[in-house]
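Now for the letters of each chain:
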Amino acid sequence: MEERVLRKLICSIKCSSCGQPYEAQNVEVLGCSDEMWFVQALCSSCHTQSLVVAMVRKERQSAPLTDLNKSEMGKFMVSGAVSSDDLLQMHEYLKAFDGDFTGLFESQKT
Ligand SMILES: [Zn+2]
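Here we summarise the structure given alongside this text. The structure presented is a predicted model; accordingly, all values stated were derived computationally and were not measured. (Residues numbered from 1 in each chain as written. Predicted model: local features only at pLDDT ≥ 70, side-chain atom pairs only at ≥ 80, totals over all residues. Heavy atoms only, no water.)

### Some thoughts on the nonpolar core
Item 1. The biggest cluster of nonpolar side chains holds 13 residues, and the ones touching the most others in it are Leu6, Ile10, Tyr22, Val27, Val29, Trp37 and Val39.
Item 2. The greatest single-element share of this core, amounting to 3 residues, is contributed by strand E2 (residues 36-42).
Item 3. Apart from residues lying up to four places away in sequence, Ile10 is in contact with Tyr22, Val27, Val39, Ala41 and Val52. (Core = buried A, V, L, I, M, F, W, Y, C linked by side-chain atoms within 4.5 Å. Buried < 20%, exposed > 50% of the residue type's maximum accessible area, 1.4 Å probe, protein only. Helix = DSSP H or I, 4+ residues; strand = E, 2+ residues; numbered from the N terminus. Contact = heavy atoms within 4.5 Å.)

Next comes the structure, spelled out in structure tokens:
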């Protein structure tokens, strides 16, 4: 995270003594270690100095969003990419398809 963003974040919190929001020029980033940021903030109203420790979680890679189950996932992992031949085949098929879905699924069963 950038210091600029952190500064903005600190300005959105209020002084614990008087409740006034901190001002950007009174916020000093002291340093950071891993996910912890140490910030010193001076309240411009009551001049109370506060030490703010901000925890910043690093972005984690989230699991892919899918409605495939495990076995379907495995099936598509090993099957190759859709080729132009596949598309052509589908195109030919759809051209000939008469819209009879019931018939289509009946024939798939056997
Ligand atoms: Zn204050």
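### A closer look at the coordination of the zinc ion
Think of it this way: four donors in a tetrahedron around the metal ideally sit 109.5 degrees apart, and six in an octahedron ideally sit 90 or 180 degrees apart.
Item 1. At 2.2 to 2.3 Å from the zinc ion lie its protein donor atoms, namely Cys15 (SG), Cys18 (SG), Cys43 (SG) and Cys46 (SG).
Item 2. Metal-centred angles of 101 to 113° between the 4 donor atoms at the zinc ion mark the site as tetrahedral.
Item 3. Donor residues for the zinc ion, ordered by position in the chain, follow C-x2-C-x24-C-x2-C. With Cys18 in the loop between helix H1 (3-10) and strand E1 (27-33) and Cys46 in the loop between E2 and strand E3 (49-55), the pair connects residues that are 28 residues apart, well separated along the chain.
Item 4. Cys18 gets classed as partly exposed once you look at its relative accessible area, which sits at 34%.
Item 5. A relative accessible area of 32% means that Cys46 is categorised as partly exposed. (Donors = N, O, S within 2.8 Å, 3.2 Å for Na, K, Ca; no water. Tetrahedral: all angles 85-135°; square planar, octahedral: opposite > 155°, others 65-115°.)

### A short note on the packing of aromatic side chains
Item 1. Within the structure shown, the criterion is met by 2 aromatic pairs.
Item 2. Summarising the aromatic geometry, the rings of Tyr93 and Phe97 are spaced 5.9 Å apart at their centres and angled 20° between planes, so their arrangement reads as stacked.
Item 3. Overall, Tyr93 belongs to the partly exposed group, its relative accessible area being 39%.
Item 4. Ring centres 5.2 Å apart and planes at 70° place the aromatic pair Phe97 and Phe101 in the edge-to-face group.
Item 5. The class for Phe97 is partly exposed, based on a relative accessible area of 23%.
Item 6. Among the aromatic residues, those joined into a ring-pair cluster are Tyr93, Phe97 and Phe101. (Phe/Tyr/Trp six-rings, centres within 6.5 Å; stacked < 30°, edge-to-face > 60°.)

By themselves, these observations are geometric and do not establish any function.
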